[in-house]
Structures are given as C-alpha cells and as structure tokens.
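Now for the letters of each chain:
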Amino acid sequence: MMLLVNSGRAVYDDRSARMVARPYEPGVDLNILMPDRKRKQKPSVSIIGTGRLGTALAMALSAQGYALRSLVARRIESARKAATLVSKSATFASNSTKVSDANIAAFAAKQIGSLPQADLFLISVPDDQIESVADTLSRLRFERKPVALHTSGALSSEVLLPLAAQDWSVGSVHPLISVPDANAPISGAFWSVEGDRRAVRLAKMLVHDLGGTSFSIRTAEKPLYHAAAVMTSGNVTALFDVALEMLVACGLTRNTARQVLQPLLISTAQNLETKDPSAALTGTFSRGDVQTVKRHLAAIKQHDLKDALDLYCRLGKRSLKIAKKRSGITRILDRC
Ligand SMILES: NC(=O)c1ccc[n+]([C@@H]2O[C@H](COP(=O)([O-])OP(=O)(O)OC[C@H]3O[C@@H](n4cnc5c(N)ncnc54)[C@H](OP(=O)(O)O)[C@@H]3O)[C@@H](O)[C@H]2O)c1
C-alpha cells in the first residue's frame, strides 16, 4: 500500500520504507498533448548541466521558441560557452519566428541559489550529481511551483524527491539516442518518460517539440530499461572496437578497418529496423557452418585475442539460440 502525503507529488512507499515521487502509471498514450490552443505559450526553461546533451537541448529548445531563463554548469565558463552557442544558433536561424530570446544568463553550480523562476528546470548533469543538484534546487523559493525533469536513463524521478517534497512536479525524460557532442542531432529519437502527471505532460510536450516520440516506462524499471540502452549503444561500440582490433591484427589500419566495416554495420542496423533478430540474422551461425566456426576460433586463438574469443563464444551461443540451430557448433562453443 502507498500512503499519500503533500498534495500528491511525494508518497510514502512502505515496501522500501522511503518517501518516493508519486509514480506515473504507464499506458499506451504515446505523445498525448495538450490542445494547440493551450500549448501556444511555451514554458520557460532553465538547464542545469550544459555538457553534450544539456547544450544540444538548449539549442533545440531555443529553436522551438522556448525561453531559456538560465544555463548552469559546474564551471561558469561551460555555462557561458553553451549560452554563446545557443545565441549563435539562434542568430543563424533568426528568420524563424520560433527562435526565443537568446540573452541567457549563465551560472556556475555554486550560484544555483540565485536562479530566477522558470516553469521547467531540466537537469542534465552526470547521474551521480543529480541528487545533490535536486537538494540544492529544493532550497529555492518560487512563487509558482516549477517542474523538474532529469535526463538520466538509469535513474527515475525518485532521485528528485527533495523537490517533490517541496511540491515541485518531478519526472525524467531520457532520449534513446547517442549525443557525442552538443551539435549532434536529437530529433527523431524515442524518449522514455516517467514521473508525476504534470511532469509527464510537460515532458511529452517537450519531446514532441523536439521532433521525438515519447513512451512511458514504469518508474521501477528504469535501471533495466537503461541497461538495454547500454547494450544497444555503448556495448555495440565496444563490440565494434573488438572487431577493429581483429582487423588490425589482419594488417589493416584502424581507420581503414573502421571504414570497411561501416556498410556491414549499417546494413545490420537497417535489417533490424524492419525485422526481428530471428529474421535479420545472417552469416555463419544462421547457416550452422561448423567448419567455419572452427577456423574462426583457431585464428582468434592464434592471435591471442582474448576479448574477441570470449565475446565470439558468448554471442555465438546467443546467435545459435536466435537461429534455433542445435548443431555441433553448440558443443564447440561450450569448450571455448
Ligand atoms: N550524452 C548522451 O548521449 C546522453 C544520452 C542520453 C542521456 N544522457 C544523460 O544526460 C545527462 C548528462 O549527460 P552528458 O553526456 O551531457 O554529460 P556531460 O557532457 O559530462 O555534461 C555534464 C554537464 O553537467 C555539468 N555539471 C556537473 N556537475 C554539476 C553540478 N553539480 N551542478 C551543475 N552542473 C554540473 C558539467 O559542467 P562542466 O562542463 O563545468 O564540467 C557539464 O556541463 C546524464 O544524466 C546522462 O545519463 C546523455
């Protein structure tokens, strides 16, 4: 049972014996938005954390006509750099009527206590900093209670409890896209959204305006959800790095290796766009080529490529499972 306290933003969870943000119950309501009439006035936004994602968000939101009240980074130089980038991109797009006022105040983390009122505080700092940022923000006193959204994939809105306890609306909004620098495009991404009702409503509007699609995730499932994202992005990158190492052992330069593998990587991703892995899988394991697997293993061992051997055997077993092949290959991989 959950006990309700404090106007509905924070609740007591007697399973964990902790105060938590009131969970949003997910449904199939992708991108449910307010009617256009009510959406004309875009909320004002302050962004805490002007790194890769925070700056990309600042530029994209400014381009969509959101008024950026303040940008905050650990170091003031970072926040100023982001403000300059936003101003430049706003000037570049100045023939658009959507672009918001680009005179944005830059703050260092230690100045958070002086932040002006905004409708939305978007927290895009490293995961382990979110709680302390929330704690500091919770000491601010505003006339209107803002919404706070963080962009972490692994953490849920529960980490914003200090703000929920002050009657802020809290949630999280996480793009399933890799943002290696502030200029990387973020449109077209799917974003998971969770939190209390008001925060979720605002998050969905934001995602829609950023050219993305939102979907709901249960608050408790965020760590597993994020682990899946890491498997698809970070771990695929690590796997690709192992493939580069193997081609370098064949005599190619890293650059050439990266280039020659591109079409293979891209066609694999494209196949997965329209097909289930069972239909998209091609190659040695889908055909069940026993002798080829033996040759692969001998070559990898000969070059003493330990990560390649470990990953080849583990992932090969999964490939066999996907291909529903129970052949001599299973026994060979079991002996890896
Ligand atoms: N990058 C991605 O692909 C991506 C994708 C989805 C979600 N996310 C999520 O977005 C968040 C940010 O990731 P990122 O990759 O953009 O990180 P990042 O590039 O490392 O940027 C972090 C920013 O936070 C600032 N910061 C650090 N501690 C702070 C504090 N206590 N108070 C105020 N600002 C502080 C840093 O300031 P300084 O510049 O002064 O150091 C920096 O501007 C994370 O939760 C991450 O999980 C990232």
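All values reported here derive from a predicted model rather than from experimental measurement.

Caption draft 1: Up close: the overall build of the protein chain. Summing up its helical and strand segments, the protein chain has 14 helices and 11 strands in all. For the protein chain, with 336 residues in total, the buried portion stands at 32%. Long-range pairs, those at least 24 residues apart, make up 64% of the contacts in the protein chain between residues at least 6 apart in sequence.

Caption draft 2: Seen up close, the nonpolar core. Counting residues in each nonpolar core, the largest one holds 56 residues, and the members touching the most others are Ile47, Ala58, Leu68, Leu71, Ala148 and Ala203. Judged by nonpolar contacts, the second largest core, of 5 residues, contains Phe285, Val293, Leu320 and Ala323.

Caption draft 3: The site of the ligand, seen in detail. Around the ligand, a shell composed of 26 residues is seen, among which Gly49, Gly51, Arg74, Ser78 and Ala109 lie nearest. Of all the elements in the fold, those that place two or more residues in the shell around the ligand are α2 (52-63), β5 (68-73) and β9 (169-175). Top contributing element to the shell around the ligand by residue count: α2, with 3 residues. Of the residues in the shell around the ligand, the class split is 10 nonpolar, 12 polar and 4 charged.

Caption draft 4: Structural detail: the sheet that holds β9. Across the sheet, which stays open at both edges, the 8 strands sit in the order β6-β5-β4-β7-β8-β9-β10-β11 with mixed pairing between neighbours. Strand pairing shows two members of the sheet lacking a second neighbour, β6 (105-108) and β11 (213-216), which therefore form its edges. The sheet shows a mean angle of 25° between the axes of neighbouring strands, taken without regard to direction. Where β9 and strand β10 (residues 190-195) come together, 5 bridges link them in antiparallel fashion. Within β10, the residue paired with Gly171 across the bridge is Gly195.

Caption draft 5: Broad picture of unusual backbone geometry. Despite not being glycine, Asp167 has its phi angle at roughly 75°, a positive value. Here Asp167 lies in the loop between α5 (161-164) and β9. Backbone geometry places Asp304, a non-glycine residue, at a positive phi of 55°. You can see Asp304 is positioned in the loop between α12 (290-302) and α13 (306-323).

Caption draft 6: Region of the structure containing the packing of helix α8 (residues 234-249) against α13. The interhelical angle for the contact between α8 and α13, taken along N-to-C directions, is 125°, at an axis separation of 10 Å. The angle between α8 and α13 falls in the class oblique. α8 and α13 meet at a crossing whose hand is left-handed. Judged by residue contacts, Leu239, Val242, Glu245 and Met246 of α8 engage Asp307, Ala308 and Leu311 from α13. Its residues placed into classes, the contact of α8 with α13 shows 5 nonpolar, no polar and 2 charged.

Caption draft 7: Region of the structure containing the packing of α12 against α13. Contact geometry of α12 with α13 gives a least axis separation of 8 Å together with a crossing angle of 155°. Taken as axis vectors, α12 and α13 run roughly antiparallel relative to one another. Taken as a pair, α12 and α13 cross one another with a handedness that is left-handed. Across the interface between the two elements, His296, Ile300 and Lys301 from α12 touch Ala308, Leu309 and Tyr312 from α13. Here the residues of the contact of α12 with α13 sort into 4 nonpolar, 1 polar and 1 charged.

Caption draft 8: Main features of helix α4 (residues 130-137). Taken residue by residue, α4 has Ile130, Val133, Ala134 and Leu137 as its buried positions. Taken down its axis, α4 places every buried residue within 100° of arc, on the same side. Structurally, α4 contributes buried residues whose contacts are with β4 (45-48), β7 (120-123), β8 (147-150) and α5.

Caption draft 9: Geometry of the pairing of β10. Most of β10 sits out of view: 5 of its 6 residues are buried. Note: β10 against β11, 4 bridges, orientation parallel. The partner of Ser192 across the bridge, within β11, is Phe215.

Caption draft 10: Molecular detail of α2. Taking 1.5 Å of rise per residue, the 12 residues of α2 would be expected to cover 16 Å, and the 17 Å separating its terminal C-alpha atoms lies within 8% of that figure. Burial of α2 is extensive: 10 of the 12 residues sit out of reach of the surface. Positive phi shows up at Gly65, right after α2, with a value of about 90°.

Caption draft 11: Up close: the confidence of the model for the protein chain. Scored by pLDDT, the protein chain comes out at a mean of 88, with 84% of its residues at no less than 70. For the stretch residues 1-16, pLDDT sits under 50, and the model shows 33 contacts to residues farther than four places along the chain or on other chains. The model gives residues 95-101 a pLDDT under 50, and that stretch makes 15 contacts with residues more than four places away or in other chains.

How each quantity is defined
Residues numbered from 1 in each chain as written. Predicted model: local features only at pLDDT ≥ 70, side-chain atom pairs only at ≥ 80, totals over all residues. Helix = DSSP H or I, 4+ residues; strand = E, 2+ residues; numbered from the N terminus. Buried ≥ 20, exposed ≤ 12 C-beta atoms within 10 Å, placed from the backbone. Contact = placed C-beta atoms within 7 Å. Core = buried A, V, L, I, M, F, W, Y, C linked by C-beta atoms within 7 Å. Near = placed C-beta within 6 Å. Nonpolar A, V, L, I, M, F, W, Y, C, P; charged D, E, K, R; others polar. Pairing = 2+ DSSP bridges. Axes fitted to C-alpha atoms, helices over the stretch in contact; angles between N-to-C directions. Parallel < 35°, antiparallel > 145°, perpendicular 65-115°, else oblique. Left-handed = near helix turned anticlockwise from the far one by under 90°. Arc of directions from axis to C-beta. Expected span 1.5 Å × (residues − 1). pLDDT = per-residue confidence, 0-100.

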